[in-house]
Amino acid sequence: MDSPYFQAKSASILENDFTTSFAVSNAAKDTRLITQAGEAAGVRLDVVAAAGEQLRRAEAQGHGDEDMSATYFASFDTP
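What comes next is a walk through the structure.

Conventions adopted
- Residues numbered from 1 in each chain as written.
- Predicted model: local features only at pLDDT ≥ 70, side-chain atom pairs only at ≥ 80, totals over all residues.
- Heavy atoms only, no water.
- Helix = DSSP H or I, 4+ residues; strand = E, 2+ residues; numbered from the N terminus.
- Buried < 20%, exposed > 50% of the residue type's maximum accessible area, 1.4 Å probe, protein only.
- Lys, Arg positive; Asp, Glu negative; His and termini not counted.
- Charge placed at Lys NZ, Arg CZ, Asp CG, Glu CD.
- Core = buried A, V, L, I, M, F, W, Y, C linked by side-chain atoms within 4.5 Å.
- Arc of directions from axis to C-beta.
- Contact = heavy atoms within 4.5 Å.
- Axes fitted to C-alpha atoms, helices over the stretch in contact; angles between N-to-C directions.
- Parallel < 35°, antiparallel > 145°, perpendicular 65-115°, else oblique.
- Left-handed = near helix turned anticlockwise from the far one by under 90°.
- Nonpolar A, V, L, I, M, F, W, Y, C, P; charged D, E, K, R; others polar.
- Salt bridge = Lys/Arg side-chain N within 4 Å of Asp/Glu carboxyl O.

1. Concerning the overall build of the chain
At step 1: Check the secondary structure of the chain and you find three helices and zero strands.
At step 2: Reading the chain from its N terminus to its C terminus gives the helix and strand order α-α-α.
At step 3: Seen along its three principal axes, the alpha-carbon backbone of the chain occupies a region of about 40 × 30 × 20 Å.
At step 4: Across the 79 residues that make up the chain, the buried fraction comes to 27%.
At step 5: Taking the average place of the 6 positive charges on the side chains of the chain and the average place of its 12 negative ones, the gap between the two points comes to 8 Å.

2. A few points about the nonpolar core
At step 1: Listed in full, the nine residues of the largest apolar core are Phe 18, Val 24, Ala 27, Ala 28, Leu 55, Ala 58, Ala 70, Phe 73 and Ala 74.
At step 2: Breaking this core down by element, the ones donating at least two residues are helix H2 (24-40) and helix H3 (46-63).
At step 3: Ranked by residue count, the leading element in this core is H2, at three residues.

3. Looking at H3
Since the α-helix turns once every 3.6 residues, residues separated by three or four places project in the same direction.
At step 1: Those residues of H3 not exposed but buried are Gly 52, Leu 55, Ala 58 and His 63. Down the axis, H3 shows its buried residues gathered within 125° of arc, on one side only.
At step 2: Taken together, the buried residues of H3 touch H2.

4. A look at the packing of H2 against H3
Think of two packed helices as two axes; the pair is described by the angle between the axes and how far apart they sit.
At step 1: For the pair H2 and H3, the least separation of the axes is 9 Å and the interaxial angle reads 150°. When the axis of H2 is compared with that of H3, the two are roughly antiparallel. In the packing of H2 onto H3, the handedness of the crossing is left-handed. Mapping the contact onto sequence places Val 24, Ser 25, Ala 27, Ala 28, Thr 31, Ile 34 and Thr 35 in H2 and Val 48, Ala 49, Gly 52, Leu 55, Arg 56, Ala 58, Glu 59 and His 63 in H3.
At step 2: Of the residues belonging to the contact of H2 with H3, the class tally is eight nonpolar, five polar and two charged.

5. Considering the pattern of salt bridges
At step 1: Going through the model one piece at a time under the given rule, you end up with five salt bridges.
At step 2: Ionic pairing is found between Asp 46 and Arg 44, a salt bridge with its closest N-O pair at 3.0 Å.
At step 3: Overall, the relative accessible area of 68% leaves Arg 44 in the exposed class.
At step 4: With a closest N to O distance of 3.9 Å, Glu 53 and Arg 57 form a salt bridge. Residue Glu 53 and its partner Arg 57 are both found in helix H3; the two are separated by four residues, about one turn of the helix.
At step 5: For Arg 57, a relative accessible area of 33% gives the class partly exposed.
At step 6: Linked through salt bridges whose partners overlap, the residues forming this network are Glu 53, Arg 56 and Arg 57.

Function cannot be read off these values alone, since they describe shape.
In structure tokens form, the structure reads like this:
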């Protein structure tokens, strides 16, 4: 699972730097659209749906305008 993208995002989490490259809200919207397209085609996209739920939790915690690496916070019960 190691990749340059993972390395960059994990470094930003460790540095508490959530400068927006691609916002949580935009990623949540995209997962919703992808899931809807899959449903229309009769295809289940469970991993995309799970990612969307994680993104929506981060959005509800107030991280919508931050970089999508801020979905990290949705792994915890408190923002």
